[in-house]
Amino acid sequence: IPRVTSKSFAMFSDDQGASWYAGDLVDAGTNEAQIVELTDGRLLMSARQNGGSGRVFASSLDQGATWQPSFTGFTSTAVMEAVERFEPVGADGQPQPLLLHTRPAGGPVTARTNLQVMVAADESAPGGPTFGGNRMLFQGYAAYSDLVAIDDQEVGVFWERGDTGHNQSSVYTRFNQTFLQPSAGPLGLIAHE
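Residues numbered from 1 in each chain as written. Predicted model: local features only at pLDDT ≥ 70, side-chain atom pairs only at ≥ 80, totals over all residues. Heavy atoms only, no water.

**Points about the overall build of the protein chain**
The helix and strand inventory of the protein chain stands at zero helices and 13 strands. Element order for the protein chain, N to C, with α for helix and β for strand: β-β-β-β-β-β-β-β-β-β-β-β-β. Considering only intrachain contacts with a sequence separation of at least 6, the fraction spanning at least 24 residues in the protein chain is 39%. Summed over all atoms, the accessible surface of the protein chain reaches about 9,700 Å², with 52% contributed by carbon and sulfur. (Helix = DSSP H or I, 4+ residues; strand = E, 2+ residues; numbered from the N terminus. Contact = heavy atoms within 4.5 Å. Areas by Shrake-Rupley, 256 points an atom, 1.4 Å probe, with all protein chains shown as cover.)

If you want it as structure tokens, here you go:
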């Protein structure tokens, strides 16, 4: 049986959903992709890699119709991760555009453990943003995750966790901007529900 390598693409509409089009495939073997719009209008795709240990990223200059050559980002487990825009209001009263990315950071038990939220404040690099400022959301078994910006104050994360394995239950967690500050400790983590 021949092995099929999956690749990611975007479905898009330019007429408020009356018709839909499939964009070109990203050049790398990927799946379980998410897309976010950068402040300059480019789209950034973050995709699960089919092989290797690096998260795959690609950008589009034409709303997902075509994709620039992909590149390998941070070290990552092959798993569904999330990328989302969050724009909290800064001290000057203006929105501060941030990109958030979740990942199981791994550790001594298995690779699908220790769920982190990473932050990118600078989206201007030609290849895309650099994620850092890792904040631990949960230490223990954790796998698939998805993010939602609730408003300019809070973010929600829906994710898999467990006591003896990585997908025994689904959890919804909320946090605010304070949680993303490295010096904040656990403050700002509102609830695991």
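There is more to say, and it comes next.
**A closer look at the sheet that holds strand β5 (residues 54–60)**
Strands sit in the order β3-β4-β5-β6 across an open sheet of four strands; the sheet is antiparallel. Every interior strand has two partners, whereas the edge strands, β3 (30–37) and β6 (71–75), have only one. Neighbour-to-neighbour, the strand axes of the sheet open up by a mean angle of 30 degrees, direction not taken into account. Pairing between strand β4 (residues 43–49) and β5: five bridges, direction antiparallel. Looking across to β5, one finds that methionine 45 is bridged to alanine 58. (Pairing = 2+ DSSP bridges. Axes fitted to C-alpha atoms, helices over the stretch in contact; angles between N-to-C directions.)

**Considering a nonpolar patch on the surface**
On the surface, a nonpolar cluster with roughly 460 Å² of combined accessible area is contributed by Phe9, Met11, Trp20 and Leu25. Note on placement: phenylalanine 9 falls in the segment before β1 (11–12). The exposure class of phenylalanine 9 is partly exposed, given its relative accessible area of 39%. (Patch = residues over 30% accessible without salt bridge, like charges linked within 9 Å, V, L, I, M, F, W, Y side chains within 5 Å. Salt bridge = Lys/Arg side-chain N within 4 Å of Asp/Glu carboxyl O. Buried < 20%, exposed > 50% of the residue type's maximum accessible area, 1.4 Å probe, protein only.)

**Notes on unusual backbone geometry**
The phi angle at glutamine 63 is positive, at roughly 60 degrees, despite the residue not being glycine. Mapped onto the elements of the fold, glutamine 63 is located in the loop between β5 and β6. You will see that asparagine 114, though not glycine, has its phi angle at about 60 degrees, which is positive. With respect to the helices, strands and loops of the structure, asparagine 114 is situated in strand β9 (residues 113–120). A residue is classified by how much of its surface remains accessible, and asparagine 114, at 13% relative accessible area, is buried.

**Considering the packing of aromatic side chains**
Evaluated as defined, the whole model comprises seven aromatic pairs. Ring plane angle 85 degrees and centroid distance 6.0 Å describe the contact between phenylalanine 74 and phenylalanine 131, whose orientation is recorded as edge-to-face. Of this pair, phenylalanine 74 sits in strand β6 while phenylalanine 131 sits in the loop between β9 and β10 (132–149), placing them 57 residues apart in sequence. Phenylalanine 131 carries the same exposure label as phenylalanine 74, and that label is buried. (Phe/Tyr/Trp six-rings, centres within 6.5 Å; stacked < 30°, edge-to-face > 60°.)

**As for the side chain of threonine 173**
Relative to the helices and strands, threonine 173 is located in strand β12 (residues 169–176). Taking the relative accessible area as the measure of exposure, threonine 173 reaches 0% and is therefore buried. Among the polar contacts made by the side chain of threonine 173, one reaches the side chain of tryptophan 159 at a distance of 2.9 Å. (Polar contact = N/O pair within 3.5 Å; in protein donor to acceptor, adjacent residues only side chain to side chain.)

**Notes on the nonpolar core**
Counting residues in hydrophobic clusters, the biggest one holds 18 residues, and the most contacted among them are Leu100, Leu137, Trp159, Phe175 and Leu180. Of all elements in the fold, only β8 (98–104), β9, β10, β11 (154–162) and β12 reach the threshold of two or more residues within this core. Considering every element that reaches this core, the biggest residue donor is β10, with four residues. The next biggest cluster of nonpolar side chains, apart from the first, holds 10 residues, and it includes Leu44, Leu99, Ala120 and Phe131. (Core = buried A, V, L, I, M, F, W, Y, C linked by side-chain atoms within 4.5 Å.)

**Description of the pairing of β8**
Buried residues dominate β8, accounting for seven of its seven residues. Neither face of β8 is exposed, since Leu98, Leu100, Thr102 and Pro104 on one face and Leu99, His101 and Arg103 on the opposite face are all buried. Direction of pairing for strand β7 (residues 83–86) relative to β8: antiparallel, over a ladder of four bridges. Its bridge partner lying in β8, arginine 85 is registered against leucine 99. Two strands pair when backbone bridges link them, and β8 and β9 are joined in this way by six bridges, in the antiparallel orientation. Its bridge partner lying in β9, arginine 103 is registered against glutamine 116.

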